[in-house]
Amino acid sequence: MIFTRTKQAVDRTIAAFSVAVMIALVICVVWQVFSRYVLSQPSTLTDELARFLMIWVGLLGAAYTVGAQRHLAIDLLAMTLKPQKQKLLSIVINLLIFLFAGSVIVTGGLKLIDKTLATSQVSAAMQIPMGYVYLILPLTGLIMMFYALWFIVNGLLSLKNSAQGAC
């Protein structure tokens, strides 16, 4: 029950934050076009900021689609299986998502942040540490892991309930 409410809160937070990032992205692009063609003095900051915001909204969108179970999938195999086997396959898939998000996105993201902060790498126009830009990697990885864990637990509970109903 609390796990479900937590998932709903995470869903709402990601959706709201993604909308805010998209609004900021649109404002940056509109200002960039206006400053370039109307003022004849293009803004150097908005171009870079728009790139970073695009990265953030893309990764947040990926995390959100994992939570909505709308990620890219080829369900040809799943459609041929019986409902019990489909639930089991879903658990295995979410376990793989959990492992991938943890080992590649979170661990790799933390290593990338560590290296960019250790080398004092900064962005060209805004002069902010690139490690701050890359913070979105482990954050979205943790969100994906949370969602995958939620679907694994729900799948196991569903298998358990259907097994008890069969008895």
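Reading the values: the criteria
Each residue is numbered by its place in its chain's sequence as written, counting from 1. Local features in this predicted model are restricted to residues whose pLDDT is 70 or higher, and side-chain atom pairs enter the listing and the counts only when it is 80 or higher, whereas totals over whole chains, interfaces and linings include all residues. Calculated side-chain values reflect all of the structure's heavy atoms, with hydrogen atoms and water omitted. UniProt positions are given in the numbering used here, feature names are shortened, and annotations may be inferred rather than shown by experiment. In this description a helix means any DSSP run of H or I spanning at least four residues, a strand means any run of E spanning at least two, and both kinds are numbered starting from the N terminus. Throughout, exposure labels follow a simple rule: accessible area from a 1.4 Å probe, protein chains only, divided by the maximum for the residue type, with under 20% read as buried, over 50% as exposed, and the rest as partly exposed. Patch membership is restricted to residues that have no salt bridge and whose relative accessible area is over 30%. Joining uses 9 Å for like charges and 5 Å for the nonpolar side chains Val, Leu, Ile, Met, Phe, Trp and Tyr. Residue burial considers only the protein chains on display, and all accessible areas are found by Shrake-Rupley using a 1.4 Å probe. Whenever a carboxyl oxygen of Asp or Glu lies within 4 Å of a side-chain nitrogen of Lys or Arg, that contact is scored as a salt bridge. Residue contacts follow a heavy-atom distance rule, with two residues in contact if any of their heavy atoms lie within 4.5 Å. In this description, a nonpolar core means a group of buried Ala, Val, Leu, Ile, Met, Phe, Trp, Tyr and Cys residues linked to one another through side-chain atoms lying within 4.5 Å.

For the protein chain, an unreviewed UniProt entry supplies the name TRAP transporter small permease protein and the organism Kluyvera sichuanensis. Looking at the protein chain in UniProt, the text filed under Subcellular location (unreviewed entry) is "Cell inner membrane". As its UniProt record puts it under Function (unreviewed entry), the protein chain is described as follows: "Part of the tripartite ATP-independent periplasmic (TRAP) transport system."

(A) Fine view of the UniProt feature "transmembrane region" (unreviewed entry) in the protein chain. Mapped onto this numbering, the UniProt entry gives "transmembrane region" (unreviewed entry) at residues 12-34, 49-67, 88-112 and 132-153. With 100% helix and 0% strand, the stretch residues 12-34 has end C-alpha atoms that lie 33 Å from each other. Spanning residues 88-112, this segment combines 100% helix with 0% strand, and its end C-alpha atoms are found 35 Å apart.

(B) Up close: unusual backbone geometry. Positive phi, close to 60°, is recorded for Ser40, a residue that is not glycine. Locating Ser40 in the fold gives a position in the loop between helix 1 (2-37) and helix 2 (44-67). Overall, Ser40 belongs to the exposed group, its relative accessible area being 57%.

(C) A nonpolar patch on the surface, seen in detail. On the surface, Val29, Trp31, Val33, Phe34, Tyr37, Val38 and Leu39 cluster together to form a nonpolar patch covering roughly 700 Å² of accessible area. Using a relative accessible area of 41% as the deciding quantity, one classes Val29 as partly exposed.

(D) Geometry of the side chain of Glu48. Along the polypeptide, Glu48 turns up in helix 2. If we skip the residues at most four places from it in the chain, Glu48 touches Ser123, Ala124, Ala125 and Met126.

(E) Seen up close, the nonpolar core. The biggest cluster of nonpolar side chains holds 15 residues, and the ones touching the most others in it are Val66, Ala101, Ile143, Met144 and Tyr147. Taken together, the elements giving at least two residues each to this core come down to helix 2, helix 4 (83-118) and helix 6 (136-166). Top contributing element to this core by residue count: helix 6, with eight residues. In this structure Val66 touches His71, Ile97, Met144, Tyr147 and Phe151, once residues within four positions along its chain are discounted.

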